[in-house]
Amino acid sequence: MWQKNNGRNEAEILQNQFTAYLVQAVQRRRNEYIRQWLRREQMEEAVEAFPLDMEYGTMDDMFSGLPLFMQLENNALYHALKKLNEQERYLFFSHVLDEKSFSVLAAEMHVSYKGVAERYYRIIRKIKKKLKEADV
Amino acid sequence: MNFKELLIRAKAGEETSMIMLLEMYKPLLIKRAICNGIFDEDLYQELCITLLRCIQVFRLQ
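Residues numbered from 1 in each chain as written. Chains lettered and ligands numbered in written order. Predicted model: local features only at pLDDT ≥ 70, side-chain atom pairs only at ≥ 80, totals over all residues. Heavy atoms only, no water.

1. Looking at the overall build of chain B
Secondary structure assignment for chain B yields three helices and two strands. Each of the 61 residues in chain B was classed as buried or not, and the buried ones make up 36%. Total accessible area on chain B is roughly 3800 Å²; 55% of this is exposed by carbon and sulfur atoms. (Helix = DSSP H or I, 4+ residues; strand = E, 2+ residues; numbered from the N terminus. Buried < 20%, exposed > 50% of the residue type's maximum accessible area, 1.4 Å probe, protein only. Areas by Shrake-Rupley, 256 points an atom, 1.4 Å probe, with all protein chains shown as cover.)

Have a look at this one:
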């Protein structure tokens with residue numbers, strides 16, 4: 001049904017132009033799609049990172065830490081914790097539950113001791129703010 | 001029917017013309033829908049949508 005396109009007459013030139021246009025659009029959509037896919041993958045990895053880190057702690061940490069988070073009676077606290085991003089939550093839990101010191105965390109996250117402390121207290125402030133909001 | 005007529009009809013929303021164009025460009029779309037050596041159905045659907053949008057948006061001189 002379709003003959004070879006030699007780009008001779010108007011219709012063939014038009015077809016070539018359209019094909020070029022389409023190829024460009026398809027390539028862009030494809031790149032976009034792959035970028036979205038990669039981002040999703042990264043996010044899934046980040047979610048998985050926390051439970052994996054728990055395994056490196058002692059068994060006690062695992063059992064004392066996990067049910068606590070799951071059985072948080074205080075709904076507001078649960079939501080406040082959920083609002084934190086992955087890194088903040090990791091920092092908060094490792095300091096509070098795993099009792100990792102700031103200096104250990106600083107080395108882990110490649111930031112200064114002060115940086116970790118600042119982040120930690122910022123997280124605490126955030127949680128307090130969220131809890132206050134929930135109270136009102 | 002040459003390509004120009006086909007495109008004009010597809011632009012006007014004639015379904016058979018759109019399907020013909022889709023069939024025509026199917027190999028191209030399938031080729032681009034292969035990701036890491038695996039045919040990605042979702043991506044293929046996205047590219048089909050892209051084709052339909054291109055038909056609408058492409059400007060005839």
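2. Some remarks on the pattern of salt bridges
A full pass over the atoms with the stated rule returns seven salt bridges over all chains. A salt bridge links Glu108 of chain A to Lys100 of chain A; its shortest N-O distance comes to 3.2 Å. For Glu108 of chain A, a relative accessible area of 36% puts it in the partly exposed group. Note on Lys100 of chain A: relative accessible area 22%, which makes it partly exposed. Here Glu23 of chain B makes a salt bridge to Lys26 of chain B, at a shortest N to O gap of 3.4 Å. Here Glu23 of chain B and its partner Lys26 of chain B are both found in helix α2 (residues 15-32), three residues apart, which amounts to about one turn of the helix. (Salt bridge = Lys/Arg side-chain N within 4 Å of Asp/Glu carboxyl O.)

3. A look at the side chain of Thr50 of chain B
Take Thr50 of chain B: it is sitting in helix α3 (residues 41-57). Thr50 of chain B gets classed as buried once you look at its relative accessible area, which sits at 11%. A polar contact is formed between the side chain of Thr50 of chain B and the backbone oxygen of Glu46 of chain B, at a distance of 2.8 Å. With residues near it in sequence (within four places) discarded, Thr50 of chain B still touches Ala25, Val26 and Arg29 of chain A. (Polar contact = N/O pair within 3.5 Å; in protein donor to acceptor, adjacent residues only side chain to side chain. Contact = heavy atoms within 4.5 Å.)

4. A word on the environment of Met18 of chain B
Residue and element names in this part refer to chain B. With respect to the secondary-structure elements, Met18 resides in helix α2. Taking the C-alpha atoms as reference, Met18 lies 8.0 Å from Leu7; in sequence the two are eleven residues apart. Setting aside anything within four residues of it in sequence, one finds Met18 in contact with Ala10, Gly13, Leu52 and Gln56.

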